[in-house]
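# Analysis of the macromolecular model
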Amino acid sequence: MAKSSQEIIALFDQYVIPNYTRYPVALVRGDGPFIWDAEGKRYIDFFPGWGCNLFGHCPKPVVEALQKQVERLLHVPNSWYMEEQGVWAQLLSERSFGGKAFFCNSGAEANEAAIKLVRLHAPKGKYKIITFLNSFHGRTMGAVSATGQEKYHQGLEPLLPGFTYCEYGDLAGVEAAIDDETAAIMLEPIQGEGGVNVPSKEFLEGLRKLCDDAGLLLVFDEVQTGCARTGEWFAYQHFNVTPDVMTLAKTICSGVAAGAMLTKQEYAADLRKGMHASTFGGNPIAAAAGIATIKMVEDEGYLELAKKVEQHVKDRMNKWKSELDIVAEVRGVGAMLGCELKVDGSVFVQRCMENGVLINCTHGKVIRLLPAVNTPFEVFDEGLDVLEDALKKGV
């Protein structure tokens, strides 16, 4: 029997640990850029699945691939071979730097695998990893230790040792931080949770050179940027700077739980047998969704469409910047967009939700949009009109 939002909330209050800040709305059905709550109210979702749903909610080709797969094989452990996982790994390899894949269930797990690979690869005595302030790498202990934001560390100390935090964009600071114990540099090629921060090409090129000169691995966390979000398969391709290791999740399966770590061929054997595993990693359901996602991107021309989304949304945001004093900066790549405000942004998230549009505010003042890349432009305009009206009212 269908329950109301309040009934669902009461159920959670009784049985679910309250570790999330949740809006007082229960979502029950989605279709493309739209989602509906238990009372039947429709929302335009500009942050579907926390950025996981690259094609919005329930894209038909992915749903059909899942339906076929669940009738054939749900799960087998990784002590056996599965054709679907092998095909998925091949597709990701061919669209990136030709490496090999380890599959898991989330971005945090992918980053844990990368941290282990770094330590297993490094010579004895080298274990430190340079990461960056305002980074975000996940909630597991290794990943949160890599995250350069103190607010995520509080109450969890002591963290995993060996992480040095540098200023994002400060190449000289990174060079000064490298010592005889440094094994890798790890970063998001575009910071997401930290405020949609896009680095210079020279910064990433400089990091590549530092790694090459010092014998370090360069690790790119592409959990948020990867798999067509930015208008390229992977964000590193915008900068022509290739990492040694790359982590993926979110859009990789259009919303089905999955993660992956890709590494160059020469480092793959460092993650040797018995040193890492994932019971559900690369399972047939996730693999089917991953294969269907890649096929859908290419069949529908969504890499080019993401670039058009960037231009369309940025045009609106830049208009706000010229007209509204509270807008400080507009930035982003593809369908990963940020509008930094001069004031706290939470009030605008609330106003938009009340008026049928779901957005996100990160880092306190950055309105972050990770919309479905195939959102019709008239739907974009409808939702952006609501956001514009909210901003015009000020704080």
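Refer to the structure printed above.
So, a few notes on the structure that sits alongside this text. Note that the structure is predicted; figures quoted are calculated from it, not measured. (Residues numbered from 1 in each chain as written. Predicted model: local features only at pLDDT ≥ 70, side-chain atom pairs only at ≥ 80, totals over all residues. Heavy atoms only, no water.)

## Concerning the overall build of the protein chain
- Check the secondary structure of the protein chain and you find 13 helices and 15 strands.
- When its C-alpha atoms are laid out on the principal axes, the protein chain stretches across 60 × 55 × 45 Å.
- When contacts within the protein chain are restricted to residue pairs at least 6 apart in sequence, those whose partners lie at least 24 apart make up 70%.
- Working note: accessible area of the protein chain is about 17900 Å², and carbon and sulfur atoms make up 53% of it. (Helix = DSSP H or I, 4+ residues; strand = E, 2+ residues; numbered from the N terminus. Contact = heavy atoms within 4.5 Å. Areas by Shrake-Rupley, 256 points an atom, 1.4 Å probe, with all protein chains shown as cover.)

## Quick notes on the packing of aromatic side chains
- Tallied over the entire structure, the rule returns 12 aromatic pairs.
- Their ring planes at 65 degrees and their centres at 5.2 Å tell us that Phe136 and Tyr152 sit as a pair that is edge-to-face. Separated by 16 residues along the polypeptide, Phe136 in the loop between strand E5 (128-132) and helix H5 (141-146) and Tyr152 in the loop between H5 and strand E6 (163-166) bring together distant segments of the chain.
- Pairwise contacts between aromatic rings join Phe46, Phe377 and Phe380 into one cluster.
- Its end group placed over the ring of Trp36, Arg29 keeps NZ or CZ at 3.9 Å from the ring centre. (Phe/Tyr/Trp six-rings, centres within 6.5 Å; stacked < 30°, edge-to-face > 60°. Lys NZ or Arg CZ within 6 Å of the ring centre and 35° of its normal.)

## Some details on the pattern of salt bridges
- In this structure the tally under the stated criterion is 25 salt bridges.
- When the shortest N-O distance is used, the salt bridge between Glu329 and Arg331 registers 3.0 Å.
- Overlapping salt bridges, with partners in common, bring together Arg316, Asp381, Asp385, Glu388 and Lys392 in one network. (Salt bridge = Lys/Arg side-chain N within 4 Å of Asp/Glu carboxyl O.)

## Section: the nonpolar core
- Core analysis: the biggest nonpolar cluster contains 58 residues, and Trp88, Leu92, Phe132, Ile185, Leu187 and Leu207 have the highest contact counts within it.
- Ranked by residues supplied to this core, first place goes to helix H10 (residues 284-300) with 7 residues.
- The residues contacting Leu207, other than those within four sequence positions of it, are Phe132, Leu171, Val174, Ile185, Leu187 and Leu218.
- Listed in part, the 30 residues of the second largest apolar core include Trp36, Ile326, Val330 and Leu337. (Core = buried A, V, L, I, M, F, W, Y, C linked by side-chain atoms within 4.5 Å. Buried < 20%, exposed > 50% of the residue type's maximum accessible area, 1.4 Å probe, protein only.)

## A look at the side chain of Thr362
- Assignment of secondary structure puts Thr362 in strand E14 (residues 360-362).
- Among residues more than four places away in sequence, those in contact with Thr362 are Gly192, Glu193, Gly194, Gly195 and Arg368.

## Remarks on the sheet that holds strand E8 (residues 217-221)
- On the basis of which strands lie adjacent, the open sheet formed by 7 strands has the order E4-E10-E9-E8-E7-E5-E6 and mixed pairing. Pairing within the sheet leaves two strands with one partner each, and these edge strands are strand E4 (100-104) and E6. Strand-to-strand twist in this sheet, taken as the mean axis angle between neighbours without regard to direction, amounts to 20 degrees.
- Sheet topology places strand E9 (residues 245-248) next to strand E10 (residues 259-263); 4 bridges connect them, and they run antiparallel. Each residue of the ladder has a partner; that of Thr247, found in E10, is Met261.
- Each of E4, E5, E6, strand E7 (182-187), E8, E9 and E10 is contacted by helix H4 (residues 107-121), which is oriented at about 160 degrees to E9, the strand it contacts most. (Pairing = 2+ DSSP bridges. Axes fitted to C-alpha atoms, helices over the stretch in contact; angles between N-to-C directions.)

## Concerning the environment of Pro59
- On the secondary structure map, Pro59 appears in the loop between strand E3 (42-45) and helix H2 (60-72).
- Separated by 28 residues in sequence, Pro59 and Asp31 place their C-alpha atoms 7.5 Å apart.
- Look past the residues within four positions of Pro59 in its chain and what remains in contact with it is Ser254 and Met296.

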